[in-house]
Amino acid sequence: MQQWQKELTALLGNKVRFDFTERLVYSYDMGILPDAVRKTIKPLPDAVAQPESWEEISSILAIANQYRLPVVPRGSASSGYGGPVPAKGGLSLDLVRMNRILQIDTQAQTVTVEPGVIWEQLNNALANQGLTLKLYPTSAPSATVGGWLAQGGTGIGSYAHGHVDSCVQSLKVLLPHGQIVTAGPTEIWKYIGLEGTTGIIVEATIKVDPLEEKKPLA
């Protein structure tokens, strides 16, 4: 075992894995990259980690920087566009354990969540409070909040509200060297749609609407 593996194990215990079969799963998303592309990159990560807090991610980044280990954040990998697939091996950072709804503010009509929260589960929780999402991806049953924000794009509700960033009030982001920053409406463009290359989204505050009955027109 190499030194960086020992340090990650000391930090994360069984939340970091090095066995081939598990790493192989993380070399794909829902889509299949063409063979010509896969031959030019190294999609197989050297390790898979599932942190439970932004503090753990910050410590992971410190180790990764020390040993020049690439880090690729990953949601549920439901997009099929290759965003969570490593290009140079390194560490696949699976945020599945960071799945808490931190606050539902019915007065301000916002919800604050960790990146691993599933969109459909979030909308169900909001419905219990008389609220609903302004927009969400078509892959809402499996897609994570952090994954879609990092991917960017449009979805259900976009005819009324536009691009995904229109519903984001603020983000907490870990920068590559481990510093945590809060990005407001004028700064979220630095992180949304950039696949985690500029920072890892660890918390999002999203604007929501009052729950109303929806009737299909066509």
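As a starting point, this report considers the structure included with it. (Residues numbered from 1 in each chain as written. Predicted model: local features only at pLDDT ≥ 70, side-chain atom pairs only at ≥ 80, totals over all residues. Heavy atoms only, no water.)

## Observations concerning the overall build of the protein
Check the secondary structure of the protein and you find seven helices and 10 strands. Relative to the globule expectation of 17 Å for 218 residues, the C-alpha radius of gyration of the protein, 18 Å, shows essentially globular dimensions. If you line up the protein on its principal axes, its C-alpha atoms span 55 × 35 × 30 Å. A total of 218 residues make up the protein; the buried ones form 44% of that total. By element, 52% of the accessible surface of the protein is carried by carbon and sulfur atoms, the whole surface being about 11,200 Å². A gap of 6 Å separates the mean positions of the 18 positive and 20 negative side-chain charges of the protein. (Helix = DSSP H or I, 4+ residues; strand = E, 2+ residues; numbered from the N terminus. Rg over C-alpha atoms; globule rule 2.2 N^0.38 Å. Buried < 20%, exposed > 50% of the residue type's maximum accessible area, 1.4 Å probe, protein only. Areas by Shrake-Rupley, 256 points an atom, 1.4 Å probe, with all protein chains shown as cover. Lys, Arg positive; Asp, Glu negative; His and termini not counted. Charge placed at Lys NZ, Arg CZ, Asp CG, Glu CD.)

## Observations regarding the nonpolar core
Within the largest apolar cluster, 27 residues are counted, with the highest numbers of intra-cluster contacts made by W119, L122, V145, L149, L171 and I206. Going through the elements one at a time, β6 (110-113), α5 (119-127), β7 (131-133), α6 (145-151), β8 (168-174) and β10 (200-210) are the ones with two or more residues in this core. Filtering out sequence-adjacent residues up to four positions away, I206 remains in contact with Q109, T110, V111, V113, W119, V145, C167 and Q169. Counting residues in hydrophobic clusters, the runner-up holds 20 residues, among them A47, I57, I60 and L174. (Core = buried A, V, L, I, M, F, W, Y, C linked by side-chain atoms within 4.5 Å. Contact = heavy atoms within 4.5 Å.)

## Things to note about the pattern of salt bridges
Under the criterion given, the structure shown has 10 salt bridges. Of the charged contacts in the structure, one is a salt bridge between R100 and E114, with a shortest N-O distance of 2.9 Å. With R100 in the loop between β4 (91-94) and β5 (101-105) and E114 in the loop between β6 and α5, this residue pair connects regions lying 14 residues apart in the sequence. Given a relative accessible area of 5%, E114 falls into the buried group. Connected through shared salt-bridge partners, K15, E52, E56 and R97 make up one network. (Salt bridge = Lys/Arg side-chain N within 4 Å of Asp/Glu carboxyl O.)

## Structural notes on the sheet that holds β4
One open sheet holds the four strands; their spatial order is β1-β2-β4-β3, and the pairing between them is mixed. Among the strands making up the open sheet, the edge pair consists of β1 (16-17) and β3 (71-74). Sheet strands touched by helix α4 (residues 54-66): β2 (47-49), β3 and β4. Its angle to β4, the strand with the most contacts, is close to 175 degrees. (Pairing = 2+ DSSP bridges. Axes fitted to C-alpha atoms, helices over the stretch in contact; angles between N-to-C directions.)

## A word on the packing of aromatic side chains
Applying the stated rule across the entire model yields two aromatic pairs. The interplanar angle of 85 degrees and the centroid separation of 5.5 Å between the aromatic rings of W119 and W148 together place this pair among those described as edge-to-face. Taken as a pair, W119 in helix α5 and W148 in helix α6 lie far apart in primary sequence, 29 residues in all. (Phe/Tyr/Trp six-rings, centres within 6.5 Å; stacked < 30°, edge-to-face > 60°.)

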